[in-house]
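Each chain, letter by letter, is given below.
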Amino acid sequence: GAGVSQSPRYKVAKRGQDVALRCDPISGHVSLFWYQQALGQGPEFLTYFQNEAQLDKSGLPSDRFFAERPEGSVSTLKIQRTQQEDSAVYLCASSIGGLAMNFGPGTRLTVT
Amino acid sequence: QQQVKQSPQSLIVQKGGIPIINCAYENTAFDYFPWYQQFPGKGPALLIAIRPDVSEKKEGRFTISFNKSAKQFSLHIMDSQPGDSATYFCAPYNTDKLIFGTGTRLQVFP
């Protein structure tokens, strides 16, 4: 497809488990972003990559959150030892370098 | 998100009405002012955006009005349709990130 894809779409984890969320950006898009959207709220910035370089990780809420984009295309957001407050929709967006970000459908994470 | 205040929280209009959603910001470093539309179960989609050197921009039925001195910008939807029912976010941009407002849930009734 032509859009940003994310997998899985839904993830249920027990508290304390580790999870990995995948983002496939639009081909050729240099910039990749992760946002966290709590229920009924606007998305909040987590981290930003330009190619494989993570240029901004100021939004990651704790050291349990880790993101990577080793080859400058696919990105993975990993959350270790999940907590209930991590329950949210995790959105990935990509852009060709400009300001028009294309968001994926998100992964809904529920921590029980 | 505290840097961006969006109102109203929800809005109900009849088909053909002109809903107006407002956004106030504090950070004068913002240099790009988009509105995003989000349907349930989907990611936000860019609707329309404006640069700070322009006071108004129109694209189809959507218009942004920008007031730099008041640090406010608004979205107007002309001839609203039931298909416009969604949540709308202002999301001014600074450096490398969008700062989203809290959202406005719009319902357009036939």
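Read on for a plain summary of the structure. (Residues numbered from 1 in each chain as written. Chains lettered and ligands numbered in written order. Predicted model: local features only at pLDDT ≥ 70, side-chain atom pairs only at ≥ 80, totals over all residues. Heavy atoms only, no water.)

**Thoughts on the overall build of chain A**
The condition is simple: Here a strand is any run of E in DSSP of at least two residues, a helix any run of H or I of at least four, and the numbering for each starts at the N terminus. Each radius of gyration reported is based on C-alpha atoms, and the globular scaling rule is 2.2 Å times the count of residues to the power 0.38. Buried residues are those whose accessible area, probed at 1.4 Å on protein chains only, stays under 20% of the maximum for their type, while exposed residues exceed 50% and partly exposed ones sit between those limits.
When you go through chain A residue by residue, the secondary structure sums to zero helices and eleven strands. Each helix and strand of chain A, placed in order from N terminus to C terminus, yields the pattern β-β-β-β-β-β-β-β-β-β-β. For chain A, whose C-alpha radius of gyration is 13 Å, the value lies close to the compact-globule estimate of 13 Å for 112 residues. Taken over the C-alpha atoms alone, chain A extends approximately 35 × 25 × 25 Å along its principal axes. Split into buried and exposed, the 112 residues of chain A put 46% on the buried side.

**Some thoughts on the packing of aromatic side chains**
To be explicit about the condition: Two rings from Phe, Tyr or Trp (for Trp, the six-membered ring) form a pair when their centres are within 6.5 Å of each other. A pair whose planes differ by under 30 degrees is stacked, one over 60 is edge-to-face, and the rest are tilted.
Per the stated rule, a full pass over the model turns up 18 aromatic pairs over all chains. Consider the rings of phenylalanine 103 of chain A and tyrosine 36 of chain B, whose centres lie 5.6 Å apart with planes at 85 degrees: the pair is edge-to-face. With phenylalanine 103 of chain A in strand β10 (residues 102–103) and tyrosine 36 of chain B in strand β4 (residues 33–38), this residue pair bridges two chains. Of the two residues examined, phenylalanine 103 of chain A and tyrosine 36 of chain B, each falls in the buried class.

**Digging into the interface of chain B and chain A**
Note the cut-off: Contacts are assigned to residue pairs that have any heavy atoms within 4.5 Å of one another. Using a 1.4 Å probe, buried area is obtained as the accessible area two parts lose upon being combined, added over both of them. Here a salt bridge means any side-chain nitrogen of Lys or Arg lying within 4 Å of a carboxyl oxygen belonging to Asp or Glu. Definition of a polar contact: a pair of N or O atoms within 3.5 Å, with one able to donate and the other able to accept a hydrogen when the atoms are protein atoms, and with sequence-neighbouring residues admitted only if both atoms are side-chain atoms.
Residue-level contacts link 18 residues of chain B with 20 residues of chain A. Counting the surface lost from both chain B and chain A, the interface buries some 1,500 Å², and carbon and sulfur atoms represent 57% of this. Scanning the region where chain B abuts chain A turns up one salt bridge. Among the ionic pairs, lysine 97 of chain B bridges to aspartate 56 of chain A, the shortest N-O distance being 3.0 Å. At the boundary of chain B and chain A, one finds four residue pairs in polar contact (both at pLDDT 80 or more). Of all the secondary structure elements, the ones that give two or more residues to the side of chain B that touches chain A are β4 and β11 (97–98) of chain B.

**Considering the nonpolar core**
Our working rule: Definition of nonpolar core: a set of buried residues of the types Ala, Val, Leu, Ile, Met, Phe, Trp, Tyr and Cys, connected through side-chain atoms within 4.5 Å.
Phe33, Trp35, Ile48, Phe73, Leu75, Tyr88 and Leu106 of chain B are the most contacted members of the largest nonpolar core, which has 24 residues in total. Mapped onto this core, the elements with two or more residues apiece are β2 (10–14), β3 (20–25), β4, β5 (45–50), β7 (62–67), β8 (72–77), β9 (86–90) and β12 (104–109) of chain B. With residues near it in sequence (within four places) discarded, leucine 106 of chain B still touches Leu11, Val13, Pro19, Ile77, Asp84, Ser85, Ala86 and Tyr88 of chain B. Residues Val4, Ala13, Val19 and Ala88 of chain A belong to the second largest nonpolar core, which totals 20 residues.

**Re the layout of surface pockets**
What counts, and what does not: Grid points spaced at 1 Å and placed over the protein atoms alone form the basis of the search, with a cavity being a set where a 1.4 Å probe fits but cannot get out and a pocket an open set showing protein on both sides within 12 Å along at least five of seven lines. Lining residues have an atom within 4 Å of a point. Grid points are joined across faces, edges and corners, and a volume is the space filled by probe spheres set on the points. Each residue gets one of three labels, nonpolar for Ala, Val, Leu, Ile, Met, Phe, Trp, Tyr, Cys and Pro, charged for Asp, Glu, Lys and Arg, and polar for the others, Gly among them.
Looking at the largest pocket, its volume works out to about 610 Å³. Lining of the largest pocket is provided by 29 residues; of these, Gln37 and Gly40 of chain A together with Gln38, Pro40 and Thr87 of chain B occupy positions nearest its centre. Among the secondary structure elements, those contributing two or more residues to the lining of the largest pocket are β9 (88–95) and β11 (107–111) of chain A together with β9 and β12 of chain B. Tallying contributions element by element places β12 of chain B first for the lining of the largest pocket, with four residues. Partitioned by chemical class, the residues of the lining of the largest pocket number eleven nonpolar, 14 polar and four charged.

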